[in-house]
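# Coordinate inspection notes
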Amino acid sequence: QVQLVESGGGLVQAGGSLRLSCAASGRTFSNYAMGWFRQAPGKEREFVAAINSNGGLTYYADSVKGRFTISRDNARNTVYLNLNSLKPEDTAVYYCAAHRTRIPTTNSLFYDFWGQGTQVTVSS
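Let me begin by describing the structure that accompanies this report. Quantities reported herein were computed from a predicted structural model and do not represent experimental measurements. Note that residues are indexed from 1 along each chain, following the sequence as it is written. It should be noted that, the model being predicted, local features are given only for residues of pLDDT at least 70 and side-chain atom pairs only at 80 or more, the latter also being counted only at that level, while totals for whole chains, interfaces and linings use all residues. Heavy atoms throughout the structure, all of them, feed into the side-chain values; hydrogens and water do not.

### Focus: the overall build of the protein chain
Strands are runs of DSSP state E lasting at least two residues, helices are runs of H or I lasting at least four, and both sets are numbered from the N terminus onward. Regarding its fold elements, the protein chain presents zero helices and eleven strands. Moving toward the C terminus, one meets the helices and strands of the protein chain in the order β-β-β-β-β-β-β-β-β-β-β. What the globule rule says is 2.2 Å times the number of residues to the power 0.38, and the radius of gyration is computed from C-alpha atoms. Here the protein chain has a C-alpha radius of gyration of 13 Å; the compact-globule value for 124 residues is 14 Å, and the two agree. Each residue is assigned to one of three classes by its accessible area relative to the maximum for its type, calculated with a 1.4 Å probe on protein chains only: buried under 20%, partly exposed between the two thresholds, exposed over 50%. Counting the 124 residues in the protein chain, one finds 45% classified as buried. Here, residues are in contact when the closest pair of their heavy atoms is within 4.5 Å. In the protein chain, the share of contacts with a sequence separation of at least 24, taken over all contacts with a separation of at least 6, comes to 59%. For the area figures, the Shrake-Rupley method with a 1.4 Å probe applies, and any residue is considered shielded solely by the protein chains shown. For the protein chain, the exposed area adds up to about 6300 Å²; of that, 46% sits on carbon and sulfur atoms.

### Looking at the packing of aromatic side chains
Note on ring pairs: Phe, Tyr and Trp rings are taken, using the six-membered ring of Trp, and paired if centres are within 6.5 Å. Classes follow the plane angle, with under 30 degrees stacked, over 60 edge-to-face and the rest tilted. This model, assessed by the stated rule, comprises five aromatic pairs. Measuring from centroid to centroid gives 6.1 Å for Y32 and F113, while their planes differ by 65°, and the two rings are edge-to-face. Here Y32 is found in the loop between β3 (18–24) and β4 (33–39), whereas its partner F113 is found in strand β10 (residues 113–114), with 81 residues between them in sequence. The buried category is assigned to Y32, whose relative accessible area is 7%. Using a relative accessible area of 9% as the deciding quantity, one classes F113 as buried.

Spelled out as structure tokens, the structure:
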């Protein structure tokens, strides 16, 4: 069992930056691929970024490529998402998720554990 707690969300102006963190419980964090997803009001949850278990492989949605960076610190059981050049359309609740394999995936159905989410609001 893995428990995930996100933090770092908030209100920021367009063009600004935020850093989201996701702290995981348990001693097997380094065995899990991790992902970030987001859900805007009235929209389906969508993939944002994913990283494999040792941090050497990352995937990004086209909409965030070049602006967002996913990373992880296995010693701290934490995965991060740096959000730069934020746009109003990035406004959403951001969720981190753990996938019980070492290989990341963009499909939310394959993730086994989810955090409660953190709100990111970008004003124009």
